[in-house]
Amino acid sequence: MRAKSKWTPGGSLLWLIAAVLASVVVCSLSEPAAERPDVTEEVEIEVTD
C-alpha cells in the first residue's frame, strides 16, 4: 500500500509556476473576442388580448 503523499514548499511553488505559465500560453494563443455590433434599432412589441 502506498503512503499518502504530501506537498512540499518546492512542489507547491513549481505547481504555481506551471499553472501561471499554462494560463499565459492559453490566453496568448486564443483569439480576441469579436466586438459586439452597436444595437441602435428600436423594437416595438404589440401585445393583444
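Our subject is the structure that appears above.
From a predicted model like this one, the values you see are computed outputs, not experimental measurements.

**Side note on the overall build of the chain**
Line of reasoning, step 1. In terms of regular secondary structure, the chain is built from one helix and zero strands.
Line of reasoning, step 2. Within the chain, the fraction of its 49 residues that count as buried is 0%.
Line of reasoning, step 3. Taken as a whole, the chain presents about 5,800 Å² of accessible surface, with 61% of it coming from carbon and sulfur.

**Quick look at the environment of threonine 8**
Line of reasoning, step 1. If you trace the backbone, threonine 8 turns up in the segment before helix H1 (9-29).
Line of reasoning, step 2. For threonine 8, the side chain forms a polar contact with the main-chain nitrogen of glycine 11, separated by 3.1 Å.

**Quick notes on a nonpolar patch on the surface**
Line of reasoning, step 1. There is a patch of nonpolar side chains on the surface, built from Trp7, Leu13, Trp15, Leu16, Ile17, Val20, Leu21, Val24, Val25 and Leu29 and spanning about 1,100 Å² of accessible area.
Line of reasoning, step 2. Tracing the chain through its elements places tryptophan 15 in helix H1.
Line of reasoning, step 3. Judged by its relative accessible area of 53%, tryptophan 15 falls in the exposed class.

Cut-offs and rules
Residues numbered from 1 in each chain as written. Predicted model: local features only at pLDDT ≥ 70, side-chain atom pairs only at ≥ 80, totals over all residues. Heavy atoms only, no water. Helix = DSSP H or I, 4+ residues; strand = E, 2+ residues; numbered from the N terminus. Buried < 20%, exposed > 50% of the residue type's maximum accessible area, 1.4 Å probe, protein only. Areas by Shrake-Rupley, 256 points an atom, 1.4 Å probe, with all protein chains shown as cover. Polar contact = N/O pair within 3.5 Å; in protein donor to acceptor, adjacent residues only side chain to side chain. Patch = residues over 30% accessible without salt bridge, like charges linked within 9 Å, V, L, I, M, F, W, Y side chains within 5 Å. Salt bridge = Lys/Arg side-chain N within 4 Å of Asp/Glu carboxyl O.

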